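Inside the fold
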Amino acid sequence: MVNLIIDGKKIQAKEGTTILEAAKQNGINIPTLCFLKDLNEIGACRVCIAEVEGVEKCVPSCHTQVIEGMVVHTNSKKVRETREVNLKLILSQHNFHCATCIRNGNCKLQNLARDFNIDENPYDIKYEEKEWDKTFPLIRDFTKCIKCMRCVQVCDKVQSLSVWDVVNTGSKTSVNVRENKKITNVNCSYCGQCIVNCPVGALHERDDIKKVLNALDDKDKITIVQVAPAVRSAYGEGLGLPREKATEKRLAGILKSIGFNYVFDTVFAADMTIMEEGSEFLTRLDDIRKTGLPMFTSCCPGWLRFIKSEFPDMVPRLSSAKSPQGMFGALTKSYYAEILGVSKDKIFNVSVMPCLAKKDEATLDNYGDIDAVLTTRELNRLLLSTMVNPADIEETEFDTPLGIGTGAGVIFGVTGGVMEAALRSAYFLVNKKNPDADSFKDIRGLDGYRVGSFDFGNGVVVKVAVVHSLSNARKIINNILLGKEKYDFVEVMACPGGCINGGGQVIDLEGGDLAARSGVLYGLDKVNNLRFSHENPEVIACYNKYLGHPLSEKSHHLLHRDHVKEMKEKAVK
Amino acid sequence: MSRLTIVTSDQQEIVREQLYKDLERRITASPTGLCPVDLTSSFVKMCLSQSCGKCVPCRIGLKKLSKLLDKVLDGEATMETLELIKLTARSIYLSSDCAIGHEAGKLALNSIEGCFEDYKEHVQNNNCTCNSNQPVACVNLCPAHVDIPGYIALVKEGRYDDAVNLIRHMNPFPITCAYICEHPCENRCKRTIIDAPINIRGIKRVAIEKSKNPSLPPLAEKTGKKVAVIGGGPGGLSAAYYLSIMGHEVAVYEQRKQLGGMLRYGIPNYRFPRTRLDEEINFILSTGIKVELNASVGKDIQLADIRKKYDAIYIAIGAHNDKKICIDGEDATGVISAVEMLRAIGDGQLTSYKGKRVAVVGGGNVAMDVARSSIRLGADSVDVIYRRRKVDMTALAEEVEGAEAEGCNIVELMTPVAIEKNPDGTVKGLRVKPQMTSIIESKRPSPKDKNADEVLIPCDIVVASVGQGIDSKHFEDTGIHVKRGSIAAMNTGMVGDQEGIFAGGDCVTGPATVIRAIAAGRVAAANIDEYLGFNHEIVNNIDIPRVKYDDKNPCGRVDLGLRKPQDRKNDFEPIEFSMSDEEAAQECGRCLRCDHFGFGAFRGGRSTKW
């Protein structure tokens, strides 16, 4: 332990602790901007600077380790003045038209400028302007980038894709697609992790709210909305709703209040996914054992883009099941259109997703059933624009039949959830009876790389792995290819933590409480009377009335994709 | 009223002088890969501040030029702007009255013409072709990419074994380099911005002096693959060392009696003691390398036979052929080459030069080695004949100074014309023609004949130190591609279409530095490993001490002390002292730890495996 004094307070900290951490552990708050724990501790913004007695120059508290006997001041005149100058310098190259910024009210720089009482700037204001394709799902606004390097680090270290890089030198140093390439010419997965880690409004999703509003205003359209499981874990954070108020029923109420004709739940489609993917898994098990190569989940579009660009040879190992969004889209414009007795052209299908890549997925050829994808953030913005106080909105049930979901479907939104839901139903398919719904909870957790082995009885032992973040996806594929590890079924989510921390999720400036968000979903699973996808009465009804059975020809047509063929067609294009 | 006053420097002038010095040092320490447009724009602004303002092209032209350059930087320029920049720069060059203007114009013109692609990229895509992806200057400039801030931090903590192990991770010749590396790592040391570069080689010397038990890295499982290394110099042994660690069976074929190559047969003991060289080589061999001495490929053994026995071959034969001066009388008795002389010394044959007058022809480091060795062999006088000026010599300044201090006489601006013989065929003297320095071509002023009579420098021995060639004949004959005498290897070490044959070091690049040969050996080892179907990772797990924060106030650089010239010139014993503990601590403390600060914090100051 190291003894030191910060702002007059005698404290102890473990060796190797930074001043920032040591201060935080003792209730002393040092402002940060570029800092991102474990990923970006580079002292670039010089906002977290502190003064150490005996040293003339200020030190960055995020990047300076404590030393025995150190006396630190985090708020001395020297620190305050220097910090303020640095903030003003950052602001001088930042487009602070905050009123028209997508991150207004959710911006670290705006908060700092407010906290430090910056009411004027002596420096000339000039920011970088550069073109960007506004039709692209991921948008970089050069006028707002403060070169904190967070996006570069996240893409490098968490996603192992290195889409972003520092370009140019000297005063012209900037952040852009690596080697000044076009974003369309690099292997971006559209995971959106750069967006949720951007402290300002330099990165954001393409805003599709207008498209949705136009549909809502169009009397000839039947508007259907589905909402992904993870949205309910965090939407309230962006609306100032406490967790106990930010229920899924209130979410349904919000969507009703916005004016959608039918408010459905992607959880229903998640249950469908389990039916299809679980059945597919069992039919492929022989091949899996023979080749020594697992089946991979296919519900995360960021992951799909990743495997296609990084490991094209492994694409045949993907499940052919569409994502829940895709299944839902296909069923609303077929099965549900029939129930309504309307032409599918009348339906305008909206999905609310905690995801950026889903915006891209909806534009794929065989996904034409989805007309617009909103992120959780866009949903919140759309709601706020209706001037209704979310807390005043009544809780309501989702509409039937496509609003019925099981607990197994809800946990799709968190890493390990798809695997657990699949295991619950696969067990049933093997044994013709349900396991205890919590039998597979060992696979839960927020570790990036988890493995497990489950004995189904009847001689079936299933080896599974769950990874999240694309660097872990890369790691596990390499391990499999090197023959170091063998699995039957592998779940991959592109975003760390899964959809609860998706690229379209509400942005928590302090990094998001993933344990709390995952707690919401597991809580909903726990209290649901239905905890097995195969017991979802509306899923059963859909098969009975429409699809026949899992993997039926109709299912294949509506609910599955041929990834290898798609990749070939794309290559031809 | 006084008619005249003495000029005294006022406070402003003192500050200005200091600013110039600060800027000079800063330019010396410039990182590599900077944007030429940005640099030119700054330089033109500085030139403008020097303008006296009398003439139009300088006063107005430079101002406009700087604005135009800024337009390029701001992405507001068109291709026409670039033409205007060229035209303006050329006009400033052509019509300025004095150097302040015309050289500024030329600077801008050189920049835009030489880096036109970058200017174009700015105009067309508002991008620069450069980026700052070179975090640590010393590591980047070391051909072997040794983790310099890492070992400096270790020496500072007294962890000498770790320091040496860390060096060996990238360079198996730490002792050698501690004595004789040309230390390109120091060239752009960021510390220069504050005062002077860190004495990196000096700190390495401390590490190797104090290290008692350096350890071999773990040896990989035997692969069953066999690699032959031709040439037991630093390059060949570096490749052999890493290949051996990777588990391959390595045999080194050396044509001479002992290993070491130019380290033994080119560098005299006073610069690098043999005992230390042997220690270094023994450490390398302890990885299990087999050695065939007196095995000259082409004479004692044929390349074709080696090819049959081994899965891969690394050719690292160096550049050991001497070159002739090509003047009359070179066949006289008493004319020898530097290579010949140093080779004999390397094998311990110390012929006495007592009573002899020696003339050395050449101005490189090797010329200094033979000159200083001649003094040690007892020569009455040693003249070093060089056709350019002393300052133009390619030898390191400290080598020239050392030679002079030991009594060598530098005869600059003299070109050898002929060697005059005595009737018995021995050397009578070297006839030289006086030269004058002249126009600068390819960075060095070239000499030209002076209108003066030839001079005879009486001497008994002439040592020709005018460069070395490569003995590549046998390899060429067996089908290895040779280009102007050098073996034509790629930057991966691979030799064209020759399956399994790699080459590197002096025999590929021509005579260069030890550290470049070492670096080439490591590159070859990695690529031979891959060629053999493996991907062995060389990893170090040495934890590097944390940075301690203090203000970096200017402080002098500790240089290594030397034995007094009058003592050292009488023997071949080492001449350079290491630092004291106190000096080492201070010098290590000067390191700015670029692995931790600046760009190093962002892009990681080190790689721990390759």
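Let us now look at the overall build of chain B. Regarding its fold elements, chain B presents 24 helices and 18 strands. For a compact globule of 610 residues, the expected C-alpha radius of gyration is about 25 Å, and chain B comes in at 27 Å, within 12% of that figure. Referenced to the eigenvectors of the C-alpha coordinate spread, the extents of chain B come out at roughly 80 × 65 × 55 Å. Across the 610 residues that make up chain B, the buried fraction comes to 47%.

For the rest of this paragraph, the subject is the overall build of chain A. Secondary structure summary: chain A contains 20 helices and 17 strands in total. Dimensions of chain A, computed from the C-alpha atoms along their principal axes, are close to 75 × 55 × 50 Å. In chain A, buried positions account for 52% of the 573 residues. Sequence-distant contacts in chain A: of pairs separated by 6 or more residues, those separated by 24 or more amount to 72%.

Right, let's talk about the domain arrangement of chain A for a bit. We note that the domain assignment places domain 1 (2-91), domain 2 (93-205) and domain 3 (210-572) within chain A. Once you take the C-alpha centre of each, domain 1 of chain A and domain 3 of chain A turn out to be 42 Å apart.

All right, on to the sheet that holds strand β16 (residues 460-468) of chain A then. All names here are of chain A. Spatially, four strands are ordered β12-β17-β16-β15 in an open sheet, and the strand pairing comes out mixed. Of all strands in the sheet, those bounded by a partner on one side alone are β12 (295-296) and β15 (449-457). With two bridges joining them, β12 and strand β17 (residues 489-493) adopt parallel strand pairing. Paired with Met295 across the bridge in β17 is Phe489.

Residues and elements named next belong to chain A. For β15 and β16, the ladder comprises eight bridges, and the chain directions are antiparallel. Within the sheet, the bridge partner assigned to Ser453 lies in β16 and is Lys463. Count of turn residues in the β15/β16 antiparallel hairpin: two residues, of which Asn458 carries a positive phi of about 55°. One ladder, built from five bridges, connects β16 with β17; its direction is parallel. When the sheet's bridge partners are listed, Val464 is paired in β17 with Phe489.

Glancing now at the sheet that holds strand β7 (residues 357-361) of chain B. Residues and elements named next belong to chain B. Across the sheet, five strands lie side by side as β6-β14-β7-β8-β9; this open sheet has parallel pairing. Each edge of the open sheet is held by one strand with a lone partner, namely β6 (335-337) and β9 (409-411). With strand direction ignored, the average angle separating the axes of adjacent strands in the sheet is 25°. Across four bridges, the pairing between β7 and strand β14 (residues 461-464) is parallel. Bridged to Ala359 within β14 is Val462. Packed on one face of the sheet, helix α16 (residues 338-346) meets β6 and β14 and runs near 75° to β6. Lying over the sheet, helix α17 (residues 365-376) contacts β7, β8 (381-385) and β14, oriented at roughly 170° with respect to β8.

A few words on the packing of helix α9 (residues 160-168) of chain B against helix α11 (residues 200-210) of chain B. Residue and element names in this part refer to chain B. Where α9 meets α11, the axes come as close as 8 Å, and the angle between the chain directions of the two elements is 115°. Handedness of the crossing formed by α9 with α11: left-handed. On α11, the residues that touch Tyr160, Ala163, Val164 and Ile167 of α9 are Lys204, Ala207, Ile208 and Lys210. The residue makeup of the contact of α9 with α11, split by class, is six nonpolar, no polar and two charged.

Counting residues at the interface gives 21 residues for chain A and 18 residues for chain B. Classifying every residue of the side of chain A that touches chain B gives eight nonpolar, nine polar and four charged.

This part covers the domain arrangement of chain B. The domains assigned to chain B are domain 1 (34-125), domain 2 (137-215 + 540-603), domain 3 (226-320 + 470-531) and domain 4 (322-467). A straight line from the C-alpha centre of domain 1 of chain B to that of domain 3 of chain B covers 49 Å.

Next up on the list: the confidence of the model for chain B. Across chain B, pLDDT averages 93, with 100% of residues at or above 70. As a predicted assembly, this complex carries a pTM of 0.87 together with an ipTM value of 0.79.

A few words now on the nonpolar core. With 170 residues, the main nonpolar core has Cys151, Val225, Leu255, Trp303 and Val352 of chain A as its most contacted residues. Ranked by the residues each element gives to this core, the list is headed by helix α9 (residues 266-291) of chain A, at eight residues. Of all hydrophobic cores here, the second largest spans 141 residues; its members include Leu259, Met341, Val462 and Val514 of chain B.

Once that is clear, we can look at the environment of Ala397 of chain B. Residues and elements named next belong to chain B. The residue Ala397 is located in helix α18 (residues 397-405) in this model. Given 10 C-beta atoms within a 10 Å radius, Ala397 is considered exposed. Each C-alpha atom, one on Ala397 and one on Asn365, is 9.5 Å from the other, the two residues being 32 residues apart in sequence.

So, on to the pairing of strand β11 (residues 427-441) of chain B. Residues and elements named next belong to chain B. Sheet topology places strand β10 (residues 414-421) next to β11; seven bridges connect them, and they run antiparallel. Bridge pairing links Lys421 to Val427 in β11. Hairpin connection between β10 and β11: a loop of five residues separates the two successive antiparallel strands, and Gly425 in this loop has a positive phi of roughly 90°. In terms of strand pairing, β11 meets strand β13 (residues 455-458) through four bridges, oriented antiparallel. Each residue of the ladder has a partner; that of Gly429, found in β13, is Pro458. The sheet contact formed by β11 and strand β12 (residues 444-449) spans five bridges and is antiparallel. From the neighbouring strand, Met436 faces β12, where its bridge partner is Lys448. Hairpin remark: β11 followed by β12, antiparallel, with two residues in the connecting loop; positive phi at Ser442, about 40°.

Definitions and limits used
Residues numbered from 1 in each chain as written. Chains lettered and ligands numbered in written order. Predicted model: local features only at pLDDT ≥ 70, side-chain atom pairs only at ≥ 80, totals over all residues. Helix = DSSP H or I, 4+ residues; strand = E, 2+ residues; numbered from the N terminus. Rg over C-alpha atoms; globule rule 2.2 N^0.38 Å. Buried ≥ 20, exposed ≤ 12 C-beta atoms within 10 Å, placed from the backbone. Contact = placed C-beta atoms within 7 Å. Domains from an automatic or database assignment. Pairing = 2+ DSSP bridges. Axes fitted to C-alpha atoms, helices over the stretch in contact; angles between N-to-C directions. Left-handed = near helix turned anticlockwise from the far one by under 90°. Nonpolar A, V, L, I, M, F, W, Y, C, P; charged D, E, K, R; others polar. pLDDT = per-residue confidence, 0-100. Core = buried A, V, L, I, M, F, W, Y, C linked by C-beta atoms within 7 Å.

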